[in-house]
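Observations on the three-dimensional arrangement
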Amino acid sequence: MSHKPSFTAALVGALLVLVGPGVGPAQASIEEARRQPIVEGESAAGIRLGDSEDAVVAALGGIPLPAERLAGGARTDLVYELGESSGDWDITIRLTFTSAEMGVEAIQMIVTRRPSAAPPYLGRTTRGYQPGQPIEVARALYGSPDGMILASPGSAALWWYREAGIVFLPGEIVGDDRHETRFIVLNPYLSPDDLVRLVAER
């Protein structure tokens, strides 16, 4: 592909360490959220870009973990931890705000599972991709990415599709006891600077 923007940036390191306890959403909301479709440039887990904090809390059915405030307070991340009681899988939902007027500007997820467990996020993108499916499936459905983002030095690259409004890790990071994948829904046609502003370490 020609004339596509490309850059490498560091994502929020391990998506930040949170301090303090939180009350997760009700089990019914967890089950509903992980079955929702992923609409590129629009929504995931039942949350839509532009939703207010009140709308997020209503949709996910519980109190989030303490909000992270970044870049001198210009960015706030609302975080939910969803998990199965056996510990077979976990889903972290991170919702990024830079102003109340804009509402949610990025829907970020980290999805982890034990090797023996099925992929826990059951929704698919509008093109049919389920988080964690192999790189060959991602490339067949989306083609080559517009840019690559590194979660940390030496880590696997996340793929950015600027026109579609989605960033994801094709396949999974395979560990001895956990497999991990990530995806982020954000507005289409962002500039590299705007992408960094929303999801990268400042």
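Here, every reference points to the structure presented above.
Computed from a prediction, not measured in an experiment: that's the story for all the values here.

Moving on: the side chain of T92. Inspection of the secondary structure assignment puts T92 in strand β5 (residues 89–97). Looking at T92, its side chain comes within polar contact range of the side chain of E81, at 2.7 Å. Not counting the four nearest positions on each side in its chain, T92 is found in contact with V79, Y80, E81, Q108, M109 and I110.

Quick look at the pattern of salt bridges now. One pass over the full model with this rule turns up 8 salt bridges. Residues D90 and R178 are paired through a salt bridge, measuring 2.8 Å at the closest nitrogen-oxygen approach. One end of the pair, D90, is in strand β5; the other, R178, is in the loop between β10 (173–174) and β11 (179–186), with 88 residues separating them in the sequence. Three or more residues joined by partner-sharing salt bridges are found here, namely E105, D194 and R197.

It is worth spelling out the nonpolar core at this point. Counting residues in hydrophobic clusters, the biggest one holds 31 residues, and the most contacted among them are V56, I93, L95, I107, M109, Y121 and F183. Going through the elements one at a time, α2 (53–60), β4 (75–83), β5, β6 (106–113), α3 (135–142), β8 (157–161), β9 (166–168) and β11 are the ones with two or more residues in this core. In terms of residue count, the dominant contributor to this core is β5 (5 residues). When sequence neighbours within four positions are dropped, the list of residues in contact with I93 reads A45, L60, L78, V79, Y80, L82, Q108 and M109.

Parameters at a glance
Residues numbered from 1 in each chain as written. Predicted model: local features only at pLDDT ≥ 70, side-chain atom pairs only at ≥ 80, totals over all residues. Heavy atoms only, no water. Helix = DSSP H or I, 4+ residues; strand = E, 2+ residues; numbered from the N terminus. Polar contact = N/O pair within 3.5 Å; in protein donor to acceptor, adjacent residues only side chain to side chain. Contact = heavy atoms within 4.5 Å. Salt bridge = Lys/Arg side-chain N within 4 Å of Asp/Glu carboxyl O. Core = buried A, V, L, I, M, F, W, Y, C linked by side-chain atoms within 4.5 Å. Buried < 20%, exposed > 50% of the residue type's maximum accessible area, 1.4 Å probe, protein only.

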